[in-house]
Amino acid sequence: MSDQRLSITAVIDAYTKTGAWAEFEESKKGTIEAGKLADIVILSKDVFAEPPTTADAVAVDLTVFDGQIVFTR
């Protein structure tokens, strides 16, 4: 049986860029660009440099929603 796991890049793209595209909102959200909405989370480690092996291997350090910090660890 072949490995059917998605890469971390594919998972993040599916949740961000592809999700915005599916909602016809790609001009407003889905990527970090000037003029777009800025809901964002800052993670405890670089998941591209060191992909986590379990969901609890990375923590959220900061969450910004509607331009306001709504969570800090």
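Note: the structure precedes this text.
Calculation notes
Residues numbered from 1 in each chain as written. Predicted model: local features only at pLDDT ≥ 70, side-chain atom pairs only at ≥ 80, totals over all residues. Heavy atoms only, no water. Salt bridge = Lys/Arg side-chain N within 4 Å of Asp/Glu carboxyl O. Buried < 20%, exposed > 50% of the residue type's maximum accessible area, 1.4 Å probe, protein only. Pairing = 2+ DSSP bridges. Helix = DSSP H or I, 4+ residues; strand = E, 2+ residues; numbered from the N terminus. Axes fitted to C-alpha atoms, helices over the stretch in contact; angles between N-to-C directions.

*Asks:* So what's going on with the pattern of salt bridges? Residues and values would help.
*Replies:* Scanning the entire structure with this criterion turns up six salt bridges. Measuring nitrogen to oxygen at the nearest pair gives 3.7 Å for the salt bridge that ties glutamate 25 to lysine 28. In this structure lysine 28 comes out as partly exposed when scored by relative accessible area, which is 46%. A salt bridge links glutamate 50 to lysine 45; the shortest N-O distance between them is 3.4 Å.

*Asks:* Residue-level account of the sheet that holds strand β3 (residues 68–72), with values.
*Replies:* Within the open sheet, the three strands sit side by side as β1-β2-β3. Their pairing is antiparallel. Two strands lie at the open edges of the sheet, namely β1 (40–43) and β3, each paired on one side alone. Averaged over all pairs of adjacent strands, the angle between strand axes in this sheet comes to 20 degrees, irrespective of strand direction. Here β1 runs beside strand β2 (residues 60–65); their pairing, made up of four bridges, is antiparallel. Residue isoleucine 40 lies in a different strand from β2, and its bridge partner there is valine 64.

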